[in-house]
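Take a look at the letters that make up each chain.
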Amino acid sequence: MPARNEPDDGEVNYPYLFRLLDEQGYDGWIGCEYRPRGRTEDGLAWLAAYNQ
């Protein structure tokens, strides 16, 4: 079972899933609910790779 922390580590391959949604033409919102490992500001660092 994946951890409930930032989606940058663990069993679920988020980059693959996000890419698949892009390839399928999905243009809606994606919610990422998680419990940061530390400070909230630090926990948002993973998002930079997808914020283009």
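See the structure printed just above.
Residues numbered from 1 in each chain as written. Predicted model: local features only at pLDDT ≥ 70, side-chain atom pairs only at ≥ 80, totals over all residues. Heavy atoms only, no water.

## A short note on the environment of Y50
As a reminder of what qualifies: Counting from the N terminus, the helices are DSSP H or I runs at least four residues long and the strands are E runs at least two residues long. Per-residue accessibility, obtained with a 1.4 Å probe over protein chains only, is compared with the maximum for each type, and a residue is labelled buried under 20%, exposed over 50%, and partly exposed between these values. Any pair of residues with heavy atoms lying within 4.5 Å of one another is described as a contacting pair.
Structurally, Y50 can be placed in the segment after α2 (40–43). For Y50, a relative accessible area of 34% puts it in the partly exposed group. As a C-alpha pair, Y50 and F18 span 32 residues in sequence and 8.9 Å in three-dimensional space. Excluding residues that lie within four positions of it along the chain, Y50 makes contacts with Y14, P15 and F18.

## Describing the layout of surface pockets
We apply this condition: Both cavities and pockets are sets of points on a 1 Å grid over the protein atoms alone; in a cavity a 1.4 Å probe fits but cannot get out, in a pocket the set is open with protein on both sides within 12 Å along at least five of seven lines, and lining residues sit with an atom within 4 Å of a point. Grid points are joined across faces, edges and corners, and a volume is the space filled by probe spheres set on the points. Nonpolar residues are Ala, Val, Leu, Ile, Met, Phe, Trp, Tyr, Cys and Pro. Charged residues are Asp, Glu, Lys and Arg, and all others, Gly as well, are polar.
Here the largest pocket defines a volume of roughly 400 Å³. Lining the largest pocket we find 15 residues, and of these F18, G28, I30, L47 and Y50 sit closest to its centre. Looking at the lining of the largest pocket, its residues break down into 11 nonpolar, 2 polar and 2 charged. Its volume calculated, the second largest pocket comes out at about 230 Å³. In terms of lining residues, the second largest pocket is bounded by 17 residues, among which A3, R4, N5, Y14 and E33 are the most central.

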